[in-house]
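# Structure assessment
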Amino acid sequence: LRERHGALARALEDTEAPDPERLSRHFEGAGRWIDASRSAEEAARLADEKLAFERAAQHYRRALALGNHDAESSLTLRSRLADALANAGLGWEAAPEYLSIAETGIPRLESLKLKCRAARLLLATGYFEEGCTILDEVLAEFGMRVTTTPWGALTSMAYQQALLALRGTTFDESKRAADLSPEQQLELDMCWAIMSGFKGTDITRIGGYGSKFLRLALESGDPALVSIGLSDESIGKIMIRPKSAST
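The model shown is predicted, which means the values in this text are computed figures rather than measured ones. (Residues numbered from 1 in each chain as written. Predicted model: local features only at pLDDT ≥ 70, side-chain atom pairs only at ≥ 80, totals over all residues. Heavy atoms only, no water.)

### Focus on the overall build of the protein
- The number of helices and strands found in the protein is 12 helices and 0 strands.
- Taken from N to C terminus, the helices and strands of the protein fall in the order α-α-α-α-α-α-α-α-α-α-α-α.
- Dimensions along the principal axes, computed over C-alpha positions, put the protein at roughly 80 × 40 × 40 Å.
- Across the 247 residues of the protein, 40% fall into the buried class.
- In the protein, of all internal contacts separated by at least 6 residues, the share reaching a separation of at least 24 is 57%. (Helix = DSSP H or I, 4+ residues; strand = E, 2+ residues; numbered from the N terminus. Buried < 20%, exposed > 50% of the residue type's maximum accessible area, 1.4 Å probe, protein only. Contact = heavy atoms within 4.5 Å.)

Right, dumping it as structure tokens:
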């Protein structure tokens, strides 16, 4: 059987555009593990390009399982696996992958960014307790926390809106989010995780993070981020408006 798989693999290799998925299966059957892993990785890349993210995740898992990877290549494949799972809408599967990568000794800000992404995915998929725990851990690194009471939310919102008013809403469209410092980019990610994670469940926890997101978006100059920030800021004001004021 192994010899047959080997012969089929060689025959496929001689074709003009061999299917990497089939090639990987035959390499595996022939005991050519490294070649099987490389072909699985190529199959994953092609699936990513076709937006077949769940399929891509399956191939990345095979590539990891079959190959003898060094630390760098393993980390790259694990990151691509996590991204594919997230893009496939499988946030509850992607989050543990991001958290695992965050504990591999990568730079502090990169680790916190991955934890923030994991928290957002967990909150978005209904794992609120787990998401809140991770989010609190990331926020604590910056001396920040999620508001838990109406009074705390209003105080936070008033403070952030005052900072926003002092800054104004003009921005330089030639800039982009990449022009922000790494710390500011992470704060932007944290604000978005809070806004998207609690918008439909507990607006109290958002507090002033919507206004802070808008302020950072304006600093970035990115029109797409500014548009999101302005929209969420308007919605937030409507949602916290006293009933007497809206009647």
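### Some points on helix α3 (residues 33-49)
- Relative to the 24 Å expected for 17 residues at 1.5 Å per residue, α3 spans 24 Å between its end C-alpha atoms, a close match to the ideal helical length.
- For α3, the full list of buried residues reads A36, S37, S39, A40, A43, A44 and A47. Mapping the buried residues of α3 onto a view down its axis gives an arc of 165 degrees, with all of them on the same face. Turned more than 90 degrees away from the buried face of α3, the exposed residues are R38 and E49. (Expected span 1.5 Å × (residues − 1). Arc of directions from axis to C-beta.)

### Focus on the nonpolar core
- Formed by 52 residues in total, the largest nonpolar core has its most connected members in L135, L139 and I194.
- In this structure, A9, L12, A36 and L66 belong to the second largest nonpolar core, which totals 6 residues. (Core = buried A, V, L, I, M, F, W, Y, C linked by side-chain atoms within 4.5 Å.)

Bear in mind that shape data such as this cannot, by itself, settle questions of function.
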